[in-house]
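Below, each chain spelled out in residue letters.
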Amino acid sequence: MTEYTILKLKNINIAERLKRFPPHYKNLTIKDFNIDFAYLILHFVLEQMANRIEKDGNANLYDEFNRLSSKVLEKYNKNYRFHIRYLCENFPNIGNILARDNYSENKCYGYRFRHFYHWEQLEQYTITDRLLVKKLNNENRLVLKTEVEKNFKFLAEYFNPKRLTIQFQDALNHNSDLLEEKGNMKNYLVDAFKILKIQNGTYYMSHNPETDGRFHSNITGFSKEFRPFLRYDGEIISEIDISASVPTFLFYLISNYKNSNSQLDKVINSTKSFYYHYMFSKEAVSIDNKEIQDFGSKILSGEFYASFIPKLEEFYKADDTYYQWQFNEYFFPNESCTNYYKKPYPKIVTKEYAKDIILKMLNAKNKTFLYEEMVFKSLYPTIFEFVSKIKEKHHEYFSHLVLQIESYFMLKIVARRLKNKFKKMPFFTLHDCICVTKSNLNLVNEFMSATLKNELGFEPMIKMKHWI
């Protein structure tokens, strides 16, 4: 590629700044100043900000300094100090763009935008300097991690910037609309860089067999809000996903936990951290067959989450009457701190709310969602006990167990067989989904349904949806 796209703040114009204040440093002058590289430095600062926020949503957006390695900067331009000094220089009437935090042991120089540039929206900037473009493309070339190379190289094949594209400006505009609507600058910044990575073909892939066992990529980390802007070979992308995936694979587990099962043996073995907790729960709890059948019928009929609504509303109504949260907050404001975490429950529970809260309960520590636990226990007492035993010491083990079962079937069975049968058909995995071009949707839906029915012993509910 002869161009490379980066992001810049809309209210920064380095060319105008250079006209008013030509740079001088030692024997270097304006002819040695590379505007593309100056914008790239600012882009790196923005990128570091986005990375901090993505790792820790509570991190401070503007006040923290963002560390830039001199070794990295020097790769792009040997006169990087000249450019940084100019960006940090406090010129009359217009001030400096960056503030700098000095080098200290084990810490690179840090940079942050001065207050004038806070809360400013982004726009694209196109780097055309050939040497910079070449270095950026080489630096961002995909190198598969060992675990991915070994097990899932076939999933990386279709991450091709000439085929996987995004309607870049439209996606950026939509991101700006969301910022104005919701005012969430952190999400705005993080999503902007996710959009940019697709634009530049900067891909990442990872797989951790010790935790969820899922295959993670630009597709899995891409916000639903921006999926409609993705295209593959110019086509809209569509998805086929398992409805109520976690309960579906939990149903498969409890339907087979007493029997010898070669598929489960490949997931649940002594090398896994959750193995002994699962084995203890398996021996300690005898799950009622009628419960298992009822649990499965609700899932396969699409009524699973809706079936919790009456009981949730019953418990929430009782809670509202007993605690009188709003009454206490109004008449006893001095005790507001005790009421802060006691938010009122919804009087009308929707299916979407029931799904969200039941999944949170299943994945959380025991006794975190008391009412939801009581509701689940009232409907499925022995299944509840089985799940609670697994979560007793380490609550995350239940999530890891179920997600690894899901990943096994979706990655090692469905995705691999799909690749073997339709060798040239492009597709992506998105946890419990297979994503394909719109023209291949029905074909893959039939294949996925038949494969899962044959391997699970029942036909899970599957939904199809276009990303538009």
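Residues numbered from 1 in each chain as written. Predicted model: local features only at pLDDT ≥ 70, side-chain atom pairs only at ≥ 80, totals over all residues. Heavy atoms only, no water.

J.: Pulling in residues and values, what's your account of helix α10 (residues 245-256)?
T.: Across its twelve residues, α10 extends 17 Å between first and last C-alpha, which sits within 8% of the 16 Å expected from 1.5 Å per residue. In terms of burial, α10 is a largely internal element, eleven of the twelve residues being buried. Within the span of α10, buried status applies to Ser-245, Val-246, Pro-247, Thr-248, Phe-249, Leu-250, Phe-251, Tyr-252, Leu-253, Ile-254 and Asn-256. (Helix = DSSP H or I, 4+ residues; strand = E, 2+ residues; numbered from the N terminus. Expected span 1.5 Å × (residues − 1). Buried < 20%, exposed > 50% of the residue type's maximum accessible area, 1.4 Å probe, protein only.)

J.: Describe the packing of aromatic side chains, and please don't skip the residues or the numbers.
T.: By the definition in use, this model includes 38 aromatic pairs. Ring plane angle 80° and centroid distance 5.0 Å describe the contact between Tyr-275 and Tyr-276, whose orientation is recorded as edge-to-face. Judged by relative accessible area, which is 19%, Tyr-275 ranks as buried. A residue is classified by how much of its surface remains accessible, and Tyr-276, at 57% relative accessible area, is exposed. (Phe/Tyr/Trp six-rings, centres within 6.5 Å; stacked < 30°, edge-to-face > 60°.)

J.: Which residues make up a positive patch on the surface, and what values go with them?
T.: Where like charges cluster on the molecular surface, the positive patch consists of Lys-26, Arg-81, Arg-85 and Arg-100. For Arg-81, the position within the fold is in helix α4 (residues 80-88). (Patch = residues over 30% accessible without salt bridge, like charges linked within 9 Å, V, L, I, M, F, W, Y side chains within 5 Å. Areas by Shrake-Rupley, 256 points an atom, 1.4 Å probe, with all protein chains shown as cover. Salt bridge = Lys/Arg side-chain N within 4 Å of Asp/Glu carboxyl O. Lys, Arg positive; Asp, Glu negative; His and termini not counted. Charge placed at Lys NZ, Arg CZ, Asp CG, Glu CD.)

J.: Tell me about the side chain of Asn-261, and name the residues and values.
T.: Within the secondary structure, Asn-261 sits in the loop between α10 and α11 (262-267). Side-chain polar atoms of Asn-261 contact the backbone nitrogen of Leu-264, separated by 2.8 Å. Apart from residues lying up to four places away in sequence, Asn-261 is in contact with Tyr-252 and Asn-256. (Polar contact = N/O pair within 3.5 Å; in protein donor to acceptor, adjacent residues only side chain to side chain. Contact = heavy atoms within 4.5 Å.)

J.: Describe helix α19 (residues 381-390), and please don't skip the residues or the numbers.
T.: Taking burial as the measure, the ten residues of α19 include seven buried ones, the bulk of the element. Buried within α19 we find Thr-382, Ile-383, Phe-384, Phe-386, Val-387, Ser-388 and Ile-390. Looking at the buried positions of α19, the neighbouring elements they touch are α10, α12 (275-284), α13 (289-300), α17 (351-363), α18 (370-379) and α20 (396-421).

J.: Describe in detail the side chain of Lys-391, supporting the description with residues and values.
T.: Tracing the sequence through the fold places Lys-391 in the loop between α19 and α20. Of the side chains bearing the opposite charge, Glu-373 lies closest to the buried Lys-391, which forms no salt bridge; the N-O distance is 5.1 Å. Side-chain polar atoms of Lys-391 contact the backbone oxygen of Met-361, separated by 3.0 Å. Not counting residues within four places of it along the chain, the set of residues in contact with Lys-391 comprises Met-361, Leu-362, Asn-363, Ala-364, Asn-366 and Phe-398.

J.: Before we move on, can you summarise the pattern of salt bridges with the specific residues and values?
T.: Evaluated as defined, the whole model comprises 16 salt bridges. For Arg-67, the salt bridge is made with Asp-101, and the minimal N-O distance between the two is 2.7 Å. With a gap of 34 residues between them, Arg-67 in strand β2 (residues 66-67) and Asp-101 in strand β3 (residues 98-101) connect regions that are remote in the sequence. When its relative accessible area of 24% is taken as the criterion, Arg-67 is described as partly exposed. Given a relative accessible area of 26%, Asp-101 falls into the partly exposed group.

J.: Please give an account of the sheet that holds β3 that cites residues and values.
T.: In spatial order, the strands read β2-β4-β3; together these three strands make up an open sheet with antiparallel pairing. Single-partner strands in this sheet number two, and they are β2 and β3. Pairing of β3 with strand β4 (residues 110-113) involves four bridges; the strand directions are antiparallel. Counted as the bridge partner of Leu-98 is Phe-113 from β4. (Pairing = 2+ DSSP bridges.)

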